[in-house]
Amino acid sequence: MPPIIEISGLRKTYSRAFRQPHNALDGLDMEVAAGQVHGFLGPNGSGKTTTLRALLGLIRVDGGDMRIFGEEVPRRLPQVVSRIGAVVESPQFFKHFSGRLTLQLLAESAGVPRSRVEEVLEQVGLKDAAKAAVKGYSLGMRQRLAVAQALLKQPQLLILDEPANGLDPAGIHHMRELLQWLAHSQGVTVVVSSHLLSEVQQLCDSMTIVSRGRRIVDGKVADIIAGHSSASLSVRFPDAASLPEAVEALTGAAPDLTAAVDRDRLVVTGAPEPAWVTKTLADAGIYLSELVTETKNLESVFLELTGTAPVPGRTVQIGQSVEVPQAAPGGVAIDVQAEGVER
Amino acid sequence: MNLFKAELRRLARRRLSLVFGILAVAGVVGLTAIMWATSSQGPDEGQLAEAQAQADQWNEDNPDYGDCLEDEGFFEENANYAWAVEDSAYADMSHEERCEFYVGGMTAEDFIYTYTFSFENEGSYMLIGVAIVAGLIMMMLASSAIGAEWSSGGMSNLMVWHPHRMKVWGAKLGAALAVCAAAVAGVVVLAFGLLYLTAAVRGEVGDLDGVWWEATLERLGRTGLLTLGMTALGASLAMLGRHTAIAGGVIAGYLIIGDMLVQITSMSLPVDYPERFSLYTWVMAWISGKIELYNWNSSGMEMTPDVMVITATDAGLLLGGIVVLFGALATWAFQRRDAA
Ligand SMILES: Nc1ncnc2c1ncn2[C@@H]1O[C@H](COP(=O)(O)OP(=O)(O)OP(=O)(O)O)[C@@H](O)[C@H]1O
Ligand SMILES: [Mg+2]
């Protein structure tokens, strides 16, 4: 099955007065396979919203190709738009209309039956607030309304820009169930951009991570995390005084291993396996009281890949990734040295 | 078509539409009330008698007038009135008229202020005025409907649904024009009914013959076209400025300050017919069918000035050109620019 969304070499440059033009998208590539929940991740200002806008024909791009359902967009967008439901950026509506009227006008304009309005209001949990004017909605309610309008035409492709933004835990849980149900039992392809990494980890099947307008990595969420969890070991001793000895013993036995002292524990990376550590230390006459394998979560992978890991005593400015690793052609196989990322 | 219907409904459901609708109807009713109160078909007997008494009183207090009436040779004998005798109109008047005219006598009519609203003479001007005010309201409504949608972000949302931008623009413009046509026609018909009734009851209808109907309908038709043009202009400006305030500011700014500046500069420049630089001149020419500008400078001491005639066709070309220009600019900008 061909990808639902294919983007290659997408460029968007904003010219700025008295300053260098700014490349919001700098040759971005992206593919989204059918029937999946695809996460679209990146630091602030990395071009996620810009990509989605370009995909929906809201802005003109300066280069690159985009296809949705195999059709070239934005040229052929009118032909495929009836199969796409989307929310871009913080959802905005005319403030004085009620939620229901907002949806009804959209439904009417595209020939969607009226009954769908009530269905989606029910689906996103806005039934009781449907009569109230949008100006009285909370952020989460607006977000739900936005998702409702995206669902209105029973799309085969759902594009949501930060749908979890402003939702309460119950709302997030509900949204996750809804999106997964849509993808896995209705065959809808869902693209969500998000900052909530734990959320992406739970929600998405695959993902694309971008930074500074370029793809850094893409693939299955589990694969990406696994590919970067050069698992580290946290070792504790009954007596903190044995820490320096332990470092010596370990590095002496395996030179390319790193062992860093972190308060009262030792963080070991690059060790062949936990049993080896236990044995080496025991051989040196040091006995440990605790040994834990720390698998990395998406957050550390993300920080590492996008180069936005916090540096003590410095704030990272928008678009100032410490360093952007070169995009690997088509996959996960990137090897990034993971130093100083723990903690 | 669906989109057009949805846009119509969107316009109709706006609160501003309701407010403006109420204002327009209230304006027409208010105008009627004023005409109703000020117009009368003539004084009744009591008023006439009272006025006569006032006039008599005045004449009594003014001895010259009494003397004049009594003395046929008043003007010839009185050196103070020698100027009156030399007046060209003097010879054609009867003695009584002379006394009234030159000495200043009062009659009952001078103390009765009756105004009779004549539908035949004033009705069509009022209807044109009502139509223009309705058109201004529609211009504001159209620009606010589009401007508010841009600034609220609703426009981007709509464009996600309808990527064909020209269809969106067409539907919005079409809906605004349709509502404008309906609103102006409705208000004019309402005003016609109420003013006709007022004239019939409190004034005089006059002779609404074929000529009257033809002239009135012709002017009203052109005024109607003008209101459509204004609505399209308001919509285009809002599309260009993407904000109601910008569109409103440009229009109000031009009509008030811009036109004043144009007039001041053209006055200080040695050009003929400075009025032709004012938009109002062209609007007047469009509505009334023809306007004549006079140039007194060139003819020096002669009493016949040069005349510049602006016909409705000229005015239509200019005003239509302005509307088309802004419409094209708005279309071009909407087609090309990024939607924020
Ligand atoms: N209209 C615009 N004019 C100028 N620059 C813009 C414009 N829109 C976006 N940009 C720039 O493009 C870059 C990408 O912005 P974008 O909104 O796509 O980021 P994002 O990934 O969605 O960020 P966030 O996570 O904060 O939503 C930013 O550096 C931003 O400054
Ligand atoms: Mg964004």
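Just so we're clear, the structure is a prediction, and the values are computed from it rather than from any experiment.

Caption draft 1: How the structure looks around the packing of aromatic side chains. All names here are of chain B. Counted by the stated rule, this structure contains nine aromatic pairs over all chains. Between F119 and F192, the aromatic rings sit 5.3 Å apart at their centres with planes inclined by 85 degrees, giving edge-to-face as the arrangement. Note that F119 is positioned in helix α8 (residues 119-152) and F192 in helix α10 (residues 165-202), a separation of 73 residues in sequence. The class for F192 is partly exposed, based on a relative accessible area of 23%. Geometrically, the ring pair formed by W212 and W213 is edge-to-face, given 5.1 Å between the ring centres and 90 degrees between the ring planes. Aromatic ring contacts, followed pair by pair, group F117, F119, F192, Y196, W212 and W213 into a single cluster. Cation over ring: R165 sits above F334, and NZ or CZ is 5.9 Å from the ring centre.

Caption draft 2: Broad picture of the interface of chain A and chain B. If you look at the interface, chain A gives 31 residues, while chain B gives 27 residues. Each partner contributes to the roughly 2,600 Å² buried at the junction of chain A and chain B, and carbon and sulfur atoms together form 58% of this total. The largest share of the area that chain A buries against chain B comes from L58(A), R60(A) and S109(A), three residues that together contribute 23% of it. Connecting chain A to chain B are two salt bridges. One salt bridge connects R9(B) with E108(A), and the closest N-O pair in it is separated by 2.8 Å. At the boundary of chain A and chain B, one finds ten residue pairs in polar contact (both at pLDDT 80 or more). Going through the elements one at a time, β1 (5-16), α2 (77-80) and α3 (99-109) of chain A are the ones with two or more residues in the side of chain A that touches chain B. The element best represented in the side of chain A that touches chain B is α3(A), accounting for six residues. Its residues assigned to classes, the side of chain A that touches chain B comprises 17 nonpolar, seven polar and seven charged.

Caption draft 3: Broad picture of a negative patch on the surface. Residues and elements named next belong to chain B. Residues E96, E97, E100, E109 and D110 make up a contiguous surface patch of negative charge. Examined against the element boundaries, E97 turns out to sit in helix α7 (residues 95-104). With relative accessibility at 43%, the residue E97 sits in the partly exposed group.

Caption draft 4: Representation of the domain arrangement of chain B in the model. For chain B, the domain assignment lists domain 1 (3-40 + 116-336) and domain 2 (51-111). Computed from C-alpha coordinates alone, the two centres of domain 1 of chain B and domain 2 of chain B are separated by 51 Å.

Caption draft 5: Here's a closer look at the packing of helix α2 (residues 15-38) of chain B against α10(B). All names here are of chain B. Remark: α2 packs on α10, axes separated minimally by 10 Å, with the N-to-C direction vectors making an angle of 15 degrees. With respect to their mutual orientation, α2 and α10 come out roughly parallel. Crossing of α2 against α10: the hand is right-handed. Touching A24, V25, V28, V29, L31, T32, M35, W36 and A37 of α2 are V187, L190, A191, L194, L195, L197, T198, V201 and R202, all from α10. A per-class count over the contact of α2 with α10 returns 15 nonpolar, two polar and one charged.

Caption draft 6: Up close: the pairing of strand β11 (residues 232-236) of chain A. Residue and element names in this part refer to chain A. Most of β11 sits out of view: four of its five residues are buried. As defined by bridge partners, β11 adjoins strand β13 (residues 265-269) across five bridges and the pair is classed as antiparallel. Bridge pairing in β13 places S232 opposite T269. Of the strand pairs in this sheet, β11 and strand β14 (residues 290-294) are connected by five bridges, and their pairing is antiparallel. Opposite R236, over in β14, you have E290 as the bridge partner.

Caption draft 7: Focus on the pattern of salt bridges. What the rule picks out here adds up to 23 salt bridges over all chains. Note that K12(A) is salt-bridged to D338(B), the shortest N-O span being 2.7 Å. Here K12(A) is found in strand β1, whereas its partner D338(B) is found in the segment after α14 (312-336) on a different chain. With a closest N to O distance of 3.1 Å, R214(A) and D26(A) form a salt bridge. Of the two residues, R214(A) is situated in strand β10 (residues 214-220) and D26(A) in strand β2 (residues 19-32); the sequence distance between them amounts to 188 residues. With a relative accessible area of 35%, R214(A) lands in the partly exposed category. Through salt bridges with shared partners, one network takes in R100(A), E118(A), E122(A) and K127(A).

Caption draft 8: Focus on the sheet that holds strand β7 (residues 157-161) of chain A. All names here are of chain A. Spatially, the six strands line up as an open sheet ordered β6-β7-β8-β3-β9-β10, and their pairing is mixed. With partners counted over all chains shown, the strands left at the sheet margins are β6 (84-87) and β10, one partner each. Averaged over neighbouring strand pairs, the angle between their axes works out to 15 degrees when direction is ignored. One ladder, built from five bridges, connects β7 with strand β8 (residues 189-194); its direction is parallel. Bridge pairing links D161 to S193 in β8. Sitting on the sheet, helix α8 (residues 221-228) touches β9 (206-211) and β10, and the angle it makes with β10 is about 105 degrees.

Reading the values: the criteria
Residues numbered from 1 in each chain as written. Chains lettered and ligands numbered in written order. Predicted model: local features only at pLDDT ≥ 70, side-chain atom pairs only at ≥ 80, totals over all residues. Heavy atoms only, no water. Phe/Tyr/Trp six-rings, centres within 6.5 Å; stacked < 30°, edge-to-face > 60°. Helix = DSSP H or I, 4+ residues; strand = E, 2+ residues; numbered from the N terminus. Buried < 20%, exposed > 50% of the residue type's maximum accessible area, 1.4 Å probe, protein only. Lys NZ or Arg CZ within 6 Å of the ring centre and 35° of its normal. Contact = heavy atoms within 4.5 Å. Buried area = accessible area lost by both parts, 1.4 Å probe. Salt bridge = Lys/Arg side-chain N within 4 Å of Asp/Glu carboxyl O. Polar contact = N/O pair within 3.5 Å; in protein donor to acceptor, adjacent residues only side chain to side chain. Nonpolar A, V, L, I, M, F, W, Y, C, P; charged D, E, K, R; others polar. Patch = residues over 30% accessible without salt bridge, like charges linked within 9 Å, V, L, I, M, F, W, Y side chains within 5 Å. Areas by Shrake-Rupley, 256 points an atom, 1.4 Å probe, with all protein chains shown as cover. Lys, Arg positive; Asp, Glu negative; His and termini not counted. Charge placed at Lys NZ, Arg CZ, Asp CG, Glu CD. Domains from an automatic or database assignment. Axes fitted to C-alpha atoms, helices over the stretch in contact; angles between N-to-C directions. Parallel < 35°, antiparallel > 145°, perpendicular 65-115°, else oblique. Left-handed = near helix turned anticlockwise from the far one by under 90°. Pairing = 2+ DSSP bridges.

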